[in-house]
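# Per-entry structural report
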Amino acid sequence: MADTVTARALMGRDEQTVRVDLGARSYDIRIGRGVLETAGAEIAAVLPGARLAIVADETVARLHLAAFSESLKAAGLAHSAITVPAGESTKCFSQFERLCDELLAARLERGDAVVALGGGVVGDLTGFAASAVRRGMAFVQVPTSLLAQVDSSVGGKTGINSRHGKNLIGAFHQPALVLADTAVLDTLSPREFRAGYAEVAKYGLLGDAEFFAWLEANWQAVFAGGPERDEAVARSCQAKADVVAADELESGRRALLNLGHTFGHALESAVSYETERLVHGEGVSIGMMLAHEFSERLGLIDADTVARVHAHLTDVGLPVTVQQIPGQLPPVDTFMDIIAQDKKVSRGALTFILTRGIGEAFVEKGVDPAVVSDFLKEKLEA
């Protein structure tokens, strides 16, 4: 693991810290079981005197809001809570407007802060509102899903969805602190945890072959919740922190973090973000499989590499084909229209994250739409 990951013992438990190095806007990611217990003291140290508005969805509020509030009270932090509906459909204009209004109604000032207590949906929505209210307020990420802990809570990408596609409206707005309590992952359903694991596997596939091999050997322990889980979260966060520090606004290298996401986002949009059919991590899993199969089609990797990725994703119980998505999917032309709205499109040219092997992802600009269309048609009709 990179030297910037540090470990410390706090209240009899182990905790790891990953530093996101962005100069004056640098911040820490605290990782470990029981981090929620000391969240108030951690936030007070970073944002002394701030009043807080906690944003949580209805499910997370029921499970974790009381314990989190107690931690804030113990640290002397004044706070209020705002709940939003659970689910991807919450990342929309109406909920964004409502959240901004409620933050203003709470009379929070620019020196106060907003806390996202929840998964990726709450983190994205809350961060975007924090970027806009009073032209920018501090916010803290307290991710409660595996996907959020290893991906969406880190790096400052915030936003909501549009009818034209996923995450097309938003802002880069870095948090002041990220608190990742790996114990709260015990409350996730098996499906939610597996979906989050897709983002963990992504870090090995895009740039760290040794980490992917480690996951192949240790994924069961990661799922079981032992020290391997903390290790996987910390290594994933460090991988993302390194990329964000080098390319905060995604002008180059950061696009690698979208391995599988062009296909995956198109699949999510195609099912109208109906989470009963497909959640984000499942879309990423299928998308990563498609990215490797497309790379094989282009002669970049061999069939053995594709089979290895397929085997690992299948072993952990993730979907790897479009046929595993319940219900009917739209025709290939619909997918191509969605892909044409992808954030990585540059001057109308399609951009994909492809690979030359495990841990060797790269950005390919100007991919021929006809080749993509033929490939997708074949996969949809398989």
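For the structure itself, look to the data block above.
The structure contained in this document is the topic of the report that follows. What you see is a predicted model; the values in this text were computed from it and never measured. Residue positions are counted from 1 within each chain, in the order its sequence is given. Given that this is a predicted model, residues contribute local features only at a pLDDT of at least 70 and side-chain atom pairs are listed and counted only at 80 or more, while totals for whole chains, interfaces and linings are drawn from all residues. As a rule here, side-chain values cover all heavy atoms of the structure and leave hydrogens and water aside.

### A few points about the overall build of the protein chain
- Elements are defined by DSSP. Helices are runs of H or I of four residues or more, strands are runs of E of two residues or more, and each kind is numbered from the N terminus. What the protein chain contains, in helices and strands, is 13 helices and 12 strands.
- Relative to its length of 382 residues, the protein chain is compact, with a C-alpha radius of gyration of 20 Å against a globular reference of 21 Å.
- With the C-alpha coordinates aligned to their principal axes, the bounding extent of the protein chain is approximately 60 × 40 × 40 Å.
- Looking at the protein chain as a whole, 59% of its 382 residues are labelled buried.
- By definition in these notes, contact holds between two residues if any of their heavy atoms fall within 4.5 Å. Partitioning the intrachain contacts of the protein chain with sequence separation of at least 6 by distance along the chain shows that 73% fall at a separation of at least 24.
- Computed with the Shrake-Rupley method and a 1.4 Å probe, the accessible areas treat only the protein chains shown as cover for residues. For the protein chain, the computed accessible surface area is about 15200 Å², with 50% contributed by carbon and sulfur atoms. C-alpha atoms define the radius of gyration, and 2.2 Å times the number of residues to the power 0.38 defines the globule rule. Burial classification: accessible surface area is computed with a 1.4 Å probe over protein chains only, and a residue below 20% of its type maximum counts as buried, one above 50% as exposed, and the rest as partly exposed.

### Brief notes about the packing of helix 7 (residues 209-224) against helix 11 (residues 303-315)
- In contact at an axis separation of 11 Å, helix 7 and helix 11 are set at 35° when each is read in the N-to-C sense. Between helix 7 and helix 11 the crossing geometry is left-handed. Here F212, A213, L215, E216 and W219 of helix 7 lie close against helix 11, whose contacting residues are R308, H312 and D315. Fitting a line to C-alpha atoms yields each axis, with helices limited to the stretch in contact; the angle taken between N-to-C directions then spans 0 to 180 degrees. For any helix crossing, the convention is left-handed if the near helix is rotated counterclockwise from the far helix by under a right angle, and right-handed if that rotation is clockwise.

### Side note on the side chain of H292
- Within the element layout of this structure, H292 appears in helix 10 (residues 280-297).
- Those residues in contact with H292 that sit more than four places away from it in its chain are L205, L259, I301, V306, V309 and T355.

### Focus: helix 13 (residues 369-380)
- A helix is expected to span 1.5 Å for every residue after the first. The first and last C-alpha atoms of helix 13 sit 16 Å apart over 12 residues, in line with the 16 Å expected at 1.5 Å per residue.
- The complete set of buried residues in helix 13 reads V372, S373, F375, L376 and K379. Projection of helix 13 onto a plane perpendicular to its axis shows the buried side chains occupying an angular sector of 165°, all on one side.
- Those residues of helix 13 hidden inside the fold are in contact with helix 9 (261-270), helix 10, helix 12 (332-339), strand 11 (350-355) and strand 12 (361-367).
- For helix 13, the capping residue at the N-terminal end is D368, with a side-chain oxygen 3.0 Å from the backbone nitrogen of A370. Arc definition: directions from the helix axis to the C-beta atoms. By the criterion applied in these results, polar contacts are pairs of N or O atoms within 3.5 Å in which, for protein atoms, one can donate a hydrogen and the other can accept it, and in which residues neighboring in sequence qualify only through two side-chain atoms.

### Quick notes on helix 4 (residues 120-132)
- With 13 residues, helix 4 extends 18 Å from end C-alpha to end C-alpha; this agrees with the ideal 18 Å at 1.5 Å per step.
- With 12 of its 13 residues buried, helix 4 lies for the most part within the structure.
- All of the buried residues in helix 4 are G120, V121, V122, G123, D124, L125, T126, G127, F128, A129, A130 and S131.
- Directly after helix 4, the chain includes R134, whose backbone phi takes a positive value near 50°.

### Some thoughts on the pattern of salt bridges
- When a carboxyl oxygen of Asp or Glu is within 4 Å of a side-chain nitrogen of Lys or Arg, the pair counts as a salt bridge. For the structure shown, the criterion picks out 23 salt bridges.
- Across the salt bridge formed by R30 and E15, the nearest N and O atoms sit 3.9 Å from each other. In this pair, R30 sits in strand 3 (residues 27-32) while E15 sits in strand 2 (residues 13-20), placing the two residues 15 residues apart along the sequence.
- Overall, E15 belongs to the buried group, its relative accessible area being 1%.
- Linking K157 and E250 is a salt bridge whose minimum nitrogen-to-oxygen distance equals 2.3 Å.

### Observations concerning the packing of aromatic side chains
- When two rings of Phe, Tyr or Trp (its six-membered ring) have centres within 6.5 Å they constitute a pair, described as stacked for plane angles under 30 degrees, edge-to-face for angles over 60, and tilted for the intermediate range. In the structure shown here, the tally under the stated rule is 10 aromatic pairs.
- Taking 4.4 Å as the distance between ring centres and 15° as the angle between the ring planes, the aromatic pair formed by F96 and F128 counts as stacked. You can see F96 sitting in helix 3 (residues 93-105) and its partner F128 sitting in helix 4, a full 32 residues away along the chain.
- Here the aromatic cluster, defined as three or more aromatic residues joined through ring pairs, consists of F193, Y197, W219 and F223.

### Quick word on unusual backbone geometry
- At R134, a residue that is not glycine, the phi angle is positive and equals roughly 50°.
- By secondary structure assignment, the location of R134 is in the loop between helix 4 and strand 7 (138-143).
- Look at R134 and you get partly exposed, because its relative accessible area is 37%.
- The phi angle at N167 is positive, at roughly 60°, despite the residue not being glycine.
- Looking at the secondary structure, you find N167 in strand 9 (residues 165-172).

### Overview of the state of the cysteines
- A pair of cysteine sulfur atoms is labelled a disulfide when the two atoms are within 2.5 Å. Scanning the entire structure with this criterion turns up 0 disulfides.
- Of all cysteine sulfurs, the one in C92 lies closest to C100, which takes part in no disulfide; the gap is 12 Å.
- We classify C100 as buried; its relative accessible area is 12%.

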